[in-house]
Every structure is written in C-alpha cells, then in structure tokens.
Amino acid sequence: MANLMATATCTAYRAVIEGSGERVDQATLRARVGFLAELCQDLTVRLLAARWTETDLDTLAAGIDAQGD
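In this text, all values refer to a predicted model and were calculated from it rather than measured experimentally.

A.B. asks: Kindly report on the overall build of the chain, identifying the contributing residues and their values.
C.D. replies: A count of helices and strands for the chain gives two helices and two strands. Each helix and strand of the chain, ordered N terminal to C terminal, gives the series β-β-α-α. Accessible surface computed for the chain: about 6700 Å², of which carbon and sulfur atoms make up 57%.

A.B. asks: Before we move on, can you summarise a nonpolar patch on the surface with the specific residues and values?
C.D. replies: A cluster of nonpolar side chains, F35, L36, L39 and L43, forms an exposed patch at the surface whose accessible area comes to about 400 Å². With respect to the helices and strands, L39 occurs in helix α1 (residues 26–51). Take L39: its relative accessible area is 34%, and that puts it in the partly exposed class.

A.B. asks: Lay out helix α2 (residues 54–62) with the relevant residues and their values.
C.D. replies: The buried fraction of α2 is low, at zero of nine residues. Trailing α2 by a residue or two, G63 shows a phi angle of about 80°, which is positive.

A.B. asks: Now, about the pattern of salt bridges: what can you tell me, with residues and values included?
C.D. replies: Tallied over the full model, the rule gives one salt bridge. Where D42 meets R46, a salt bridge forms, and the shortest distance between an N and an O atom there is 3.0 Å. Residue D42 and its partner R46 are located together in helix α1, separated by four residues, close to a single helical turn. For R46, a relative accessible area of 56% puts it in the exposed group.

A.B. asks: Please set out the confidence of the model for the chain residue by residue, giving values where relevant.
C.D. replies: Put simply, the chain has an average pLDDT of 80, and 81% of its residues get 70 or more. Across the chain, element-level confidence peaks in α1 with a mean pLDDT of 90 and bottoms out in strand β1 (residues 15–16) with 82.

A.B. asks: Kindly report on α1, identifying the contributing residues and their values.
C.D. replies: The terminal C-alpha atoms of α1, which comprises 26 residues, lie 37 Å apart, in line with the 38 Å expected from a rise of 1.5 Å per residue. With a side-chain oxygen positioned 3.2 Å from the backbone nitrogen of A27, the residue opening α1 is D25.

Scoring rules and cut-offs
- Residues numbered from 1 in each chain as written.
- Predicted model: local features only at pLDDT ≥ 70, side-chain atom pairs only at ≥ 80, totals over all residues.
- Heavy atoms only, no water.
- Helix = DSSP H or I, 4+ residues; strand = E, 2+ residues; numbered from the N terminus.
- Areas by Shrake-Rupley, 256 points an atom, 1.4 Å probe, with all protein chains shown as cover.
- Patch = residues over 30% accessible without salt bridge, like charges linked within 9 Å, V, L, I, M, F, W, Y side chains within 5 Å.
- Salt bridge = Lys/Arg side-chain N within 4 Å of Asp/Glu carboxyl O.
- Buried < 20%, exposed > 50% of the residue type's maximum accessible area, 1.4 Å probe, protein only.
- pLDDT = per-residue confidence, 0-100.
- Expected span 1.5 Å × (residues − 1).
- Polar contact = N/O pair within 3.5 Å; in protein donor to acceptor, adjacent residues only side chain to side chain.

Structure representation (structure tokens):
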C-alpha cells in the first residue's frame, strides 16, 4: 500500500474581496490572518482541554495504545 502525501507552500502577499474584486491592504490582511490563527489556536487548546488529559497526551506522544503496547 502506498502512502499519499500532499504538501504545498503558500505565502499570502495580497487578497481580494471575492464579491467586488477590491484589493485588501496588507495591514488588513495581516490582521485577518492573525485573527484566524489565534482563533484556530484557541479552539485547538479548548478541544484538547475538553477531551484529553495530560496523561492521555503523554501516552499518545509515547506511541502506546490503550492496551499498553
């Protein structure tokens, strides 16, 4: 069985408003990307805190399954 991996690099230098085609200035683009990055980080932290304990995460990081193997 072959493993499939896709990678892509992306650097955003400019953006446009889809409906109007108006360009978004870099300061606004940085603010929006920053907001989304913080939102993703906050949601990830909340999800991990709600579902996983520190012990669970240590076990997962060690590669041990539920049976201890």
